[in-house]
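Working through the structure, step by step
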Protein chains: 2
Amino acid sequence: MVVAAAPLPLPRPIVRLQYLPIPPYRHTAIPVIPAVPARPPDEELVPLTAAELVERHRPVLDRALEAIRTREYWSPYPEHPKAYGTEHGSPDAAAGKAAFEALLGRRFELDQPGTDGWVPGEVSPYGIGLGTEYPHADPDVLLPAMRAALPAWRDAGPGVRAAVCLEILARINARTHEFAHAVMHTSGQAYLMALQAGGPHAQDRGLEAVAYAYAEQTRLPGAAEWTKPQGRRDPLRLRKEFTAVPRGVALLVGCNTFPTWNGYPGLFASLATGNPVLVKPHPRAVLPLALTVRTAREVLAEAGFDPDLVALAAERDGEGVAKELAVRPEIRIVDYTGSTAFGDWLEANARQAVVFTEKAGVNTVLVDSTDDYRGMLGNLAFSLSLYSGQMCTTPQNLLIPRGGIDTDTGHRSYDEVVSDLAGAVDKLLGDDRRAVALLGAIVNPGVLERLEAAAGPDGPGELALVSRAVAHPEFPEATVRTPLVVKLDGDRPESEPVLLEECFGPVSFAVAVDSTARAVELLRRTVRERGAMTVGAYTTSPQVERLVTEACLEECAQLSLNLTGGVYVNQTAAFSDLHGSGGNPAASAALCDAAFVADRFRTVEVRRPA
Amino acid sequence: MVVAAAPLPLPRPIVRLQYLPIPPYRHTAIPVIPAVPARPPDEELVPLTAAELVERHRPVLDRALEAIRTREYWSPYPEHPKAYGTEHGSPDAAAGKAAFEALLGRRFELDQPGTDGWVPGEVSPYGIGLGTEYPHADPDVLLPAMRAALPAWRDAGPGVRAAVCLEILARINARTHEFAHAVMHTSGQAYLMALQAGGPHAQDRGLEAVAYAYAEQTRLPGAAEWTKPQGRRDPLRLRKEFTAVPRGVALLVGCNTFPTWNGYPGLFASLATGNPVLVKPHPRAVLPLALTVRTAREVLAEAGFDPDLVALAAERDGEGVAKELAVRPEIRIVDYTGSTAFGDWLEANARQAVVFTEKAGVNTVLVDSTDDYRGMLGNLAFSLSLYSGQMCTTPQNLLIPRGGIDTDTGHRSYDEVVSDLAGAVDKLLGDDRRAVALLGAIVNPGVLERLEAAAGPDGPGELALVSRAVAHPEFPEATVRTPLVVKLDGDRPESEPVLLEECFGPVSFAVAVDSTARAVELLRRTVRERGAMTVGAYTTSPQVERLVTEACLEECAQLSLNLTGGVYVNQTAAFSDLHGSGGNPAASAALCDAAFVADRFRTVEVRRPA
C-alpha cells in the first residue's frame, strides 16, 4: 500500500538496462522458486525504460515493505539448494561449482579506475589456495571517480535506486551456488550453510535494507504546497520540493566469517540512499564481495549509471587499508563488522563519517528450568555446533544454578545438565560426515589457538566436553573441530575475566551460579560491560521470565525464550528478527531498523512562492 | 490513519492525571483557538484512565502525523496574541504579565532531588534584573533519581508517552503570554516575536518531535506471529514481542537566543521516546526552560509518573556544568545549540551518548536578478532586521554581481542595489517604536562587541548601512541596534576570512562578486567549510536557479528562492519546513526528521515458540 501510494520519481527517461531476470512474486508466505532466465543472446536484449525497471521490481519491494511492518515470515529468495537449477532458470549446483572454479587461479578483473597493482587472494579454510588476484586501488584516483558518479545516482531518485538494487540482488540470487562456494572457501562454512546464510539469507538482509531505505526516503513528499491563512489578507503560499541527498562515499569493511550476510545490509542501505559504496573486504574473504561488486557494476552500467558507484578495495594482509580509507574526507559513512578494538577505533577516529559497527559481545543463555529437557539439550547442542560456534550470535556462557534445575524429566543437578548437554553434542556430531556438514572448518589460526588454549592445561576450568578433530572426507587439510565446553564457577572471582571476555569460536562455558537471581545479575553485568548479540533463557517460571525480560529491556539485548525446536538463538530472520540491538556495547546498530538507514541521507528542501 | 491503525499500548490501568486542558482540533488548515479551561477547583478534578488521556490527545497527534507526511500548513497552536485570553479559557496578556512578574525576585522551587544550593538568575537584555534564583543540582543525586524513573515511563509505551507530552505542551500553550515575557527577558526578543517564536512556534516544533517519535516507535508491531513453512514438516512458529526502549538520561543544553524554540525538539523527542531529560539552560536564559520543566514535572506527577523524568540543571555563569554532565555515563543523548567550538567538543568527547548539535554557520543570499525588486528589498530588509539578526538563520553574506543585476525596474548597479537595500532597512526601521518591536534588544555584550568592531575604523570594509542605537520607549537600559551592512569585495583574498566566519548579530556583508557563477562557487565553499542553516537566492534565470539548486543539493543546504512576500529566509514552519539539513557543518541534525528521533530509542525483541 505504502509503495503504491508513493510517487516513484523517474527523472531519467530511458535506462539501458537490458537484462532483467527477476524472481517471481506471490502474495503468500510460502517462498517461491525464482525464475531467473539464462541471459539471452545480446541481439535479443531489449532496452527498458526506468519506469519498466521499477515496475518489474515493485511487487517484491512492495511485499518487503509490508513484511518489515508486519514482521511475518517472508522471503523472495528460497533457501533450498534445489530451488537453484536449470529447470528454474538459474545455474544448478554443478554449473555453480564450475563457475566458482573458473574464477580460481586468475586475476579478478573489475575495470575500476585507479588500479595500481594486484593483491594475492585467499587460502580456503578447507586448504585450497584460491590463486585469485584482486585489483589494488589507488584511493586518490578511485575515490574522486566514485564521487563523480554520485549526482546522477542521486537524481535518479529512491524508486529507481531501489529497482536497480533489487536487480543486483536478483542477479546475485541467480548465482547462489557460485556464491555458496565463494563463501564456503573464505569463511569455512559448510556448503549448505554457506549457500543459505551466504546466499538467500544475506540477500534477504540486503533487500530488507533496500526496503527500509526506500521507506525512509519517501516519507516526505517530493513536493508540497503550503498555504498559511493570514486572516483577511491573502494567504501565504509556497511550493516546496524535498530531495533525498546522499552523504557521500560509503565504506564497507567486511568480515571473515559472514562476508555477504554482514556486508549486504550496509552495502545496500548506502547504495539505495544514493551513496557510492567502496567495499573493503576482509583479506581472507574477498571473493564473495568481489563477485558482489562485479555484479553491481554490471547492473549499474546496464542501467545507464556509472559503474564506479560500487568498487572494491582489496588489500594485502596486514596493509591496514581500512584505517587509511576510513578517515578520508570523501568517506561519509562506514559500516564495519569485526573486532571491538578496531570498531572502537573507527568510532573515535572516523569523525567525518556516520559509523555503524558490529563488534564483539558475550552471549549468555540462562538455564533455569524447562518442560522439554530433551528439546532444550538438542537445541543448545545445535547452537554450539553450528559453524563451530564461529558466529557473533553463538552462546558462550551457559548459566546453570549450582543446585540444578527442574525439568519435565525430573530435577537435574548442575553436573547432570552439563553432562547431558555434552552427550547431546556428542550425539549430534557422532557421525563425521554429518558433523562436518554442521561444523564447517575453523576459519583462521586465531580461533584454533583460542580453542587449544581453553582446552589445554592452563585453561580456565574442568573440561565438560572435549573438542575433537574431525577428518573432512573431501578436504583433508581442513581444520574441523567439535565444540569445547568448560566448567566454571560463576561465583568465584577468578572466573570473572574469563566470563567477561568473548572467546570467539567453539568454546563455551557451563557456569555454575548460586541462584537464578544471581545468574540474571551476571547476565545484566555481562551485557552492560561487554555487550551481547543474543541472550537465551529456558524457564517455566513466569517470575524468572519477567526477571530476564526486564534485564534484557534494561540492558538492551535481544532475547530468545525456551527455544527447543528448529529455531536457534544464533539465527535471525530478515524482515522479522532484529540482529543486535544497537543499544549495548556489541553493536552500534541493529539490522535493520529505521535508524540504520535514516542518517545515510539528508533531505534538502527548496521552497519558493507558489 | 496511521495512528488509528496502530495499537496504543496502555499497560497502566489508571493514571491520576486530573486536569486536562487540551486545544480543540478540527480537520482544517486554519488554526483554531485553543479552549484551555482554567484549572477547576481541586475537588472538581476527576481521575482519568490512561486510555482517556490518549483519546483526548489523539486527534492532535493524528493530525500532526498527517502534517509531517503531507507537509501542508498546520498548527494547533494559534500565533495571534489575542488567541490567548480569558474568553478563550487561558490567561490574557495582563494575567500572563502578572504571572511572569510573580516569578521575579524569588526562588524558583522545583522540588528536585539533589538540590545543593541556589544560583542567581538572569539580567534581562532589557535591563531588568529578574532576581530569580534557580536550584543547583548535585548530579550524583539527581541523575540516579532520573534513571530510576525510567522503567515505568518505558513500560507506559509510545501512546501514553505521546499523550503526556501533548498534555505538557497544552499547558505550556495555555500560558503563552507568561512564557512570552520569560523568553523576551532572557533572549532580548521583542514581545510579539517572543510570544510567537518562543510560544506557539516552539510548541509546534515540540509537537512535531512528539509526532516523529510516536511514528518511529510504532513502525514495528507490539507483537507478531511468525510462521515459516518447512515443506512436509510442521511449520516453525514463533511469537515475537517488540518493545521500544530508551537509551538512558538525555541532556538538553539550551541556548541564549531561542531557549524554547531550539530546546523543545530535543526535549520532546527524548521524552517521547522514553528517556528522562535533564535540561541545562544557558545561564542567561533559564526562566523559559525552568517554567517548561516545572510544567512537565506537574503533568508527569499528575499522570502517575515520577516527576524526575524531567529536571533542571541550572548553573552559575562560567561553571561549565554542561561539559561535566555531557560525559557522565548516565547521559546517553545530548542535544545542543550553541557555538561551534563547544559543539565540536561534545561530538568528540560525549562518546557514550548520541549527540545532536546545532552550531554556527554562515548564511548566504545570492542576488542575481529579480522580477520584484521592491519585494526583494523589503523581504531582505526584514530578514536582516528581525531580532537584530541574532538568528542562526539570518543571512550574513549577500552576494551581488559587481556588474549589477537585472530587475523589473531596470538594471541596477552593485552600488545601487546596496544603497537601495540600505534605504529599505532605513524605511522599515524609521519609526523607533516599530523598529524596537522588530529588532528587540541585543542579547549579550559579545554581540555588541562584534557589531562595534565591524562598524569601527578597523572594520572589514566600507559601511553601506550604519547601525544606529534606538531608544526603547519602555526599557531605557535596553541595548537596541539597527543592522549594519558592510561592503566587501568577494574576489579579494583579504575578504575571505571575514566571509568565511560567522559574525553573529546585526552585521551583514554586501559582497561584490565578479559573476553569478563565481558567487555560486563562493556559496558552495562557504557551506562546505563553514556550514549554513539557510541559503537564499533571487534570480529570474532558470539556469542560475539550476546552478544554485545543484550547489545546495551537493553541499546539503536548505534553499529559499525568490522570497518577496511575507515569508522570510530566516523562518521555518514546523510540520513543513526542515530547519537545518544535518548534512553540512552548521548542524548534525535537522528539525525534525526521522533521523532526529530514530536513534533515541532501540527496539528489544523477545521471541518464543508460539
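Residues numbered from 1 in each chain as written. Chains lettered and ligands numbered in written order. Predicted model: local features only at pLDDT ≥ 70, side-chain atom pairs only at ≥ 80, totals over all residues. Heavy atoms only, no water.

**Brief notes about the overall build of chain A**
- Assigned secondary structure in chain A consists of 20 helices and 21 strands.
- The C-alpha atoms of chain A give a radius of gyration of 25 Å, which matches the 25 Å a tight globule of 610 residues would have.
- Once the C-alpha set of chain A is aligned to its principal axes, its extents read approximately 80 × 70 × 45 Å.
- Looking at chain A residue by residue over its 610 residues, the buried ones come to 63%.
- Put simply, of all contacts in chain A between residues at least 6 apart along the chain, 75% involve residues at least 24 apart.
- Averaging the positions of the 58 positive and the 75 negative side-chain charges in chain A gives two centres separated by 7 Å. (Helix = DSSP H or I, 4+ residues; strand = E, 2+ residues; numbered from the N terminus. Rg over C-alpha atoms; globule rule 2.2 N^0.38 Å. Buried < 20%, exposed > 50% of the residue type's maximum accessible area, 1.4 Å probe, protein only. Contact = heavy atoms within 4.5 Å. Lys, Arg positive; Asp, Glu negative; His and termini not counted. Charge placed at Lys NZ, Arg CZ, Asp CG, Glu CD.)

**Observations regarding the pattern of salt bridges**
Residues and elements named next belong to chain A.
- Using the criterion set out here, one finds 95 salt bridges over all chains in the structure.
- One salt bridge connects Glu-496 with Arg-525, and the closest N-O pair in it is separated by 2.8 Å. Remark: Arg-525 occurs in helix 18 (residues 516–530) and Glu-496 occurs in helix 17 (residues 496–499); sequence separation between them is 29 residues. (Salt bridge = Lys/Arg side-chain N within 4 Å of Asp/Glu carboxyl O.)

**Regarding the sheet that holds strand 11 (residues 354–358) of chain A**
Residues and elements named next belong to chain A.
- The parallel open sheet is built from five strands, whose spatial order is 9-8-7-10-11. The sheet is open, and its two borders are formed by strand 9 (310–312) and strand 11, each paired with just one other strand. Across this sheet, the average inter-strand angle for adjacent strands is 15°, counted without regard to direction.
- Inspection of the sheet shows strand 7 (residues 249–253) paired to strand 10 (residues 331–337) by five bridges, in the parallel sense. When the bridges of strand 10 are listed, Val-249 appears paired with Ile-331.
- With respect to the sheet, helix 9 (residues 264–272) is in contact with strand 7, strand 8 (277–280), strand 9 and strand 10, its orientation differing from that of strand 8 by roughly 165°. (Pairing = 2+ DSSP bridges. Axes fitted to C-alpha atoms, helices over the stretch in contact; angles between N-to-C directions.)

**Structural notes on the relation of the copies chain B and chain A**
- Placing chain B over chain A gives an RMSD of 0.0 Å and needs a rotation angle of 180°, together with 0.0 Å of translation along the axis. Accordingly, the operation relating the two chain copies is best matched by a two-fold axis. Ranked by how close their C-alpha atoms come to the rotation axis, the residues of chain B are headed by Ala-595 of chain B, at 3.2 Å.
- With an isologous cut-off of 70% or more, the 100% of interface residues of chain B that recur at the interface of chain A puts this contact in the isologous class. (Least-squares fit on C-alpha atoms with pLDDT ≥ 70 in both.)

**Some points on the packing of helix 5 (residues 150–174) of chain A against helix 10 (residues 287–302) of chain A**
Residues and elements named next belong to chain A.
- Orientation of helix 5 relative to helix 10, taken along the N-to-C sense of each, is 130°, at an axis distance of 10 Å. Between helix 5 and helix 10, the angle is such that the two are oblique. Of the two elements, helix 5 crosses helix 10, and the hand of that crossing is right-handed. The segment helix 5 lies against helix 10, with Trp-153, Val-164, Glu-167, Ile-168, Arg-171 and Ile-172 engaging Thr-292, Thr-295, Ala-296, Glu-298, Val-299, Leu-300 and Glu-302.
- Considering only residue class, the contact of helix 5 with helix 10 consists of seven nonpolar, two polar and four charged. (Parallel < 35°, antiparallel > 145°, perpendicular 65-115°, else oblique. Left-handed = near helix turned anticlockwise from the far one by under 90°. Nonpolar A, V, L, I, M, F, W, Y, C, P; charged D, E, K, R; others polar.)

**Points about the domain arrangement of chain A**
Residues and elements named next belong to chain A.
- When the domains of chain A are assigned, the result is domain 1 (2–359 + 592–609) and domain 2 (364–561).
- Averaged C-alpha coordinates put domain 1 and domain 2 at centres separated by 35 Å.
- Taken together, the two surfaces of domain 1 and domain 2 that pack against each other cover about 1400 Å², and 65% of this comes from carbon and sulfur.
- Looking only at domain 1, the three residues that lose the most surface to domain 2 are Pro-125, Tyr-126 and Met-193, adding up to 32% of its buried area.
- Applying the counting rule to domain 1 against domain 2 returns zero salt bridges.
- Here domain 1 and domain 2 share three residue pairs in polar contact (both at pLDDT 80 or more) between them.
- When its residues are assigned to classes, the side of domain 1 that touches domain 2 shows seven nonpolar, eight polar and three charged. (Domains from an automatic or database assignment. Buried area = accessible area lost by both parts, 1.4 Å probe. Polar contact = N/O pair within 3.5 Å; in protein donor to acceptor, adjacent residues only side chain to side chain.)

**Focus: helix 4 (residues 139–148) of chain A**
Residues and elements named next belong to chain A.
- Listing the buried residues of helix 4 in full gives Pro-139, Leu-142, Leu-143, Ala-145 and Met-146. The arc enclosing the buried residues of helix 4, seen along the axis, measures out at 160°, which places them on a common side. Turned more than 90 degrees from where helix 4 packs its buried face, Asp-140 and Ala-148 sit exposed. (Arc of directions from axis to C-beta.)

**Thoughts on the packing of helix 5 (residues 150–174) of chain B against helix 9 (residues 264–272) of chain B**
Residues and elements named next belong to chain B.
- At their nearest, the axes of helix 5 and helix 9 sit 8 Å apart, and the two run at 150° to each other. It follows from the interaxial angle that helix 5 and helix 9 lie roughly antiparallel. Here Trp-153, Arg-161, Cys-165, Ile-168, Leu-169 and Ile-172 of helix 5 come into contact with helix 9, specifically with Tyr-264, Phe-268, Leu-271 and Ala-272.
- Across the contact of helix 5 with helix 9, the residue classes tally to nine nonpolar, no polar and one charged.

**Some thoughts on the environment of Pro-483 of chain B**
All names here are of chain B.
- Among the structural elements, Pro-483 can be located in the loop between strand 16 (463–465) and strand 17 (484–489).
- The buried category is assigned to Pro-483, whose relative accessible area is 2%.
- Once the C-alpha coordinates of Pro-483 and Glu-72 are considered, the two residues, 411 residues apart in sequence, prove to be 33 Å apart.
- Apart from the residues within four sequence positions on either side, Pro-483 is in contact with Leu-384, Ser-385, Val-425, Leu-429, Leu-439, Leu-465, Val-466, Ser-467 and Pro-506.

**Here's the deal with the interface of chain B and chain A**
- With 78 residues of chain B at the interface, the matching set in chain A holds 78 residues.
- Carbon and sulfur atoms make up 51% of the surface buried where chain B meets chain A, a total of about 6000 Å² over both sides.
- A per-residue breakdown of the area chain B buries against chain A is headed by Arg-219, Arg-602 and Arg-607 of chain B, which together make up 12% of the total.
- The tally of links from chain B across to chain A stands at 18 salt bridges.

**Overview of helix 19 (residues 542–555) of chain A**
Residue and element names in this part refer to chain A.
- Here helix 19 contains 14 residues, and its C-alpha end-to-end distance of 20 Å stays within 8% of the 20 Å for a straight helix at 1.5 Å per residue.
- Turning to helix 19, its buried residues are Val-544, Val-548, Thr-549, Ala-551, Cys-552, Leu-553, Glu-554 and Glu-555.
- Just past helix 19, the residue Cys-556 takes up positive phi, approximately 65°. (Expected span 1.5 Å × (residues − 1).)

**Some thoughts on the sheet that holds strand 8 (residues 277–280) of chain B**
Residue and element names in this part refer to chain B.
- Read across the open sheet, the five strands follow the order 9-8-7-10-11; overall the sheet is parallel. In this open sheet, the two edge strands, each paired with only one partner strand, are strand 9 (310–312) and strand 11 (354–358). Along the sheet, successive strands turn relative to each other by an average axial angle of 15°, direction set aside.
- In the packing of helix 9 onto the sheet, the strands contacted are strand 7 (249–253), strand 8, strand 9 and strand 10 (331–337), and the crossing angle to strand 8 comes to about 165°.

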